[in-house]
Every structure is written in structure tokens, then in C-alpha cells.
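So you can see what is in the structure, the chains are spelled out below.
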Amino acid sequence: MRKCLRCGSDMVEGCGIRVFASNAGITLTDGENKKFFGRLGSPKVAICPQCGEVSLWVEDRNTLDKLAKKLKDD
Ligand SMILES: [Zn+2]
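Residues numbered from 1 in each chain as written. Predicted model: local features only at pLDDT ≥ 70, side-chain atom pairs only at ≥ 80, totals over all residues.

Right, let's talk about the overall build of the protein chain for a bit. Within the protein chain, the regular secondary structure consists of 1 helix and 5 strands. Counting from the amino terminus, helix and strand elements in the protein chain follow one another as β-β-β-β-β-α. Sequence separation of 24 or more characterises 45% of the internal contacts of the protein chain that already satisfy a separation of 6 or more. (Helix = DSSP H or I, 4+ residues; strand = E, 2+ residues; numbered from the N terminus. Contact = placed C-beta atoms within 7 Å.)

This is the structure we're talking about:
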């Protein structure tokens, strides 16, 4: 169970974020100006039912390893 970083409450996982006017949802990239290259997939979403904090995170181990390598290389 994910805990809220703000208030410590249990968060509701399995939520989603939708970008209206598109069914694509949101996609993370490994560079802020990248649109189609370096895609990292969609984030997981949890929302705190107490304070409303929205948490986004990446669960895929391969993606996290890729980012860790990028950090080392920079
Ligand atoms: Zn909270």
C-alpha cells in the first residue's frame, strides 16, 4: 500500500490521469523536450483520499534500470 507523502494516509492505487481531447493518456520520457523518442511508458497513479495528493511513479524495473544508467552516464 502506497503511503501519502503529505499526510501519511493510505493512498488509493490503480487510479489514472486522462488528457482530454486525447485517448493517449500521458507518457513519460527521459528528456523534457522529447516527444516520441526515449519513451518510458505510462506512470502508475495513486490518489490520497484524505488530502488529495496525487502520486505518479514508475513501476517497471527495466525502465528504472535504464534511468539509473542514464544518471551514471551523465
Ligand atoms: Zn494525504
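Along the chain, Thr27 falls in the loop between strand E1 (12-15) and strand E2 (28-29). Here the alpha-carbon distance between Thr27 and Pro43, two residues 16 residues apart in the chain, equals 7.2 Å. Excluding residues that lie within four positions of it along the chain, Thr27 makes contacts with Arg39, Gly41 and Ser42.

Time to look at the sheet that holds strand E5 (residues 54-57). One open sheet holds the 3 strands; their spatial order is E1-E4-E5, and the pairing between them is antiparallel. Both outer strands of the open sheet, E1 and E5, are each paired with one neighbouring strand and no more. Mean inter-strand twist for the sheet, computed between neighbouring axes without regard to direction, equals 30°. Bridge count for E1 against strand E4 (residues 44-47) is 3 bridges, and the pairing is antiparallel. (Pairing = 2+ DSSP bridges. Axes fitted to C-alpha atoms, helices over the stretch in contact; angles between N-to-C directions.)

Take the pairing of E4 next. Relative to E5, E4 runs antiparallel, the two sharing 4 bridges. Looking across to E5, one finds that Val45 is bridged to Leu56.

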